[in-house]
Amino acid sequence: LHVRSGMAAVGSGARPHMGAWRWAWEGASRLHVRAGMAAVGSGAAVMAASFGASASPAGPPRAATCDPSVQIDPATDQRFRKLGAQHNVMFNGVSVGVGARGRGLFATRKMKEDELLARVPLAHCLIHQRSENVQEDQDWPFWLATRLLKESSETGLWAKYRENGFLPSDAEATATLPNAAPTEWLQRFAHWPIVNKLRQHREQTQWLYAKVTGRPNAPSSLLCAQALVLSRSFGLSEGNELIGLVPFLDMLNHAERPNTKLHVDVRREQVYAYALTDIEPGEELVIMYADGGVPNAALLMKYGFTLKGNSSSLLLLTDAESRFMLDPIRLMAYLDQAHAGWDTTETIHLRTVLHALPVLVEGGVAIDAERSSASGLLGLLRERLVLVKKDAADPDLGPLALLIEEELGLLQAAVSFLEAYLASLH
C-alpha cells in the first residue's frame, strides 16, 4: 500500500518497526482519513469487463533539501497542467519535473506552511473497497489492477494519463518494479528470502487469475498493473477500507523528512495536498510512504528504490535458517561480556543481526545443543554469503546494487558474530 504522510491532516497509525516486513507484504499500514465515502465497482464484475470472462516519522517533519539540478521540461509540464485543467484538477505553483529522485512534483515559487498545493476530485480516483474476509482482503491489488487496465484502455482520464507518459508503461514497470519482473529474474535471485516472498505473491496472482477467467497464465499487462497499484495507491478511508489510485498526486516521491501532506475531504469529494513546511522554489514536494521506517528490501519490492544508510534495514532468514533456534539466555550473557561497549560503526549491523537471529521462547538448553544450533545456522549463512558475493560482482545490477551491498554487509556481520559466539561456547 502506497502510504502517504499526513492524510488525516497530521498523523498516521502505521505499524511499528518490528512489523515493517509484514506491513510491506500485506499492504496494511493504517492511515486515518475521514470515512463515509462510497465504494466504486466490484472486483469480479470489473474482472469480467477487463478480460471478457464470466464473473464468478519520529520527531517533527522538516523540509526536504532543495535540488539545484531539477529539470522541468516546458512541453511535458504544459501537457501535465492541461490534462489536469481538463478534469478540474487544480495546481498552485506546482510543476512536474525530474530531480534526484527521478520524476516528481516541484514548487515553482515559495510556499508557506499549510498552503494549498493541489486538489484532485475523488471522481477521478480508482477506488476499491477491501473485504472483511482475510483471504479476499489480500487480493485487493489484483482487483484494483483490473480497474486500472480497463480504465487505461478506454478514452477517459486514465487513458490520457498513460498516453502522456504520466503513468509508467509496462516496459518501465518491468524495468523498475520487482513485482512486475519477468520470471527469469525471480529464478536468478531465488536464494534471496525477499524473492521467495515475491514468487509466492506471483503464484497467488496466477491462481486468482485462473480461478476467475479459467485461463492458466496471467498476462504480463496484469502483473505490471498490479505492480503499479502496489506502488502508487493511497488509503482513502478510516482503517483503509477504501484504497485508491489518485492521478497527478501519485507522482509525489518519498522522503524521510516530508514537506507535503495529503487530506481527503469526503463532503467536498476532493483530495488535497498541502505544504507541511515552508517550501522553497525548485524544491521537490515529498511525502513519507510509511511512518516509523521501512526496510530497503520492502522499498525495493514495492516501490523500485532503496535508501542508502537506511536505519530500518532487516536481515531476513530462510525457513531452513530459522529452524536453528538459539538460547536467549546464553546469547544475552555473551553480549554482556563481548559487546558491552558497542563500536558505533558496527552498531546498526549488529542490532540488525540480533533482531534476525532465531531464538527460543525460553532458555536453558544444554551447551551441546546450543553449539549444534549455532553451527548449523552459521553453515547456512556462509553458503548464502558465497551466493550474494557472486551477485555483488555482477556489473549489471541496476536497482539491486544497493540492496545487494546491504545484504552482503549484513551477512558478513552475521557470520562474524556467529563465529565469535560459537567460539565462546567451547
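What counts and how
Residues numbered from 1 in each chain as written. Predicted model: local features only at pLDDT ≥ 70, side-chain atom pairs only at ≥ 80, totals over all residues. Heavy atoms only, no water. Axes fitted to C-alpha atoms, helices over the stretch in contact; angles between N-to-C directions. Helix = DSSP H or I, 4+ residues; strand = E, 2+ residues; numbered from the N terminus. Parallel < 35°, antiparallel > 145°, perpendicular 65-115°, else oblique. Left-handed = near helix turned anticlockwise from the far one by under 90°. Nonpolar A, V, L, I, M, F, W, Y, C, P; charged D, E, K, R; others polar. Phe/Tyr/Trp six-rings, centres within 6.5 Å; stacked < 30°, edge-to-face > 60°. Buried < 20%, exposed > 50% of the residue type's maximum accessible area, 1.4 Å probe, protein only. Contact = heavy atoms within 4.5 Å. Pairing = 2+ DSSP bridges. pLDDT = per-residue confidence, 0-100.

(A) Region of the structure containing the packing of helix α15 (residues 367-392) against helix α16 (residues 401-424). Two elements in contact, α15 and α16, have axes whose closest approach is 9 Å; the angle formed by their N-to-C orientations is 155°. Classified by the angle between their axes, α15 and α16 sit roughly antiparallel to one another. Crossing handedness for the pair α15 and α16: left-handed. Looking at side-chain class alone, the contact of α15 with α16 contains 15 nonpolar, 2 polar and 8 charged residues.

(B) Highlighting the packing of aromatic side chains. Across all of its chains, the model carries 13 aromatic pairs by this definition. A centroid spacing of 6.3 Å and a plane angle of 10° characterise the contact between F417 and Y421, whose relative ring orientation is stacked. Of the two residues, F417 and Y421 are both situated in helix α16; the distance of 4 residues between them amounts to about one turn of the helix. Given the relative accessible area of 4%, F417 is considered buried. A relative accessible area of 0% places Y421 in the buried class.

(C) Region of interest: the environment of A159. Inspection of the secondary structure puts A159 in helix α6 (residues 157-163). The spatial distance from the C-alpha of A159 to the C-alpha of L148 is 9.3 Å, given a sequence separation of 11 residues. When neighbours within four sequence positions are excluded, A159 is seen to be in contact with E151, S152 and E154.

(D) Examining the sheet that holds strand β6 (residues 233-235) more closely. Judged by pairing direction, the sheet is antiparallel, and its 3 strands sit side by side in the order β5-β7-β6 without closing on themselves. Here the strands that pair on one side only, and so sit at the sheet edges, are β5 (126-129) and β6. Each strand axis lies, on average, 25° off the axis of its neighbour in the sheet, ignoring direction. On top of the sheet, helix α5 (residues 140-152) reaches β5, β6 and β7 (242-245); it is set at about 150° to β5, its chief contact. Contacting β6 and β7, helix α10 (residues 220-232) crosses the sheet at an angle of about 45° to β6.

(E) Region of the structure containing the confidence of the model for the chain. Averaged over every residue, the pLDDT of the chain is 78; residues scoring 70 or more account for 78%. Confidence drops under pLDDT 50 across residues 1-65; counting only partners more than four residues distant or on other chains, this segment forms 190 contacts.

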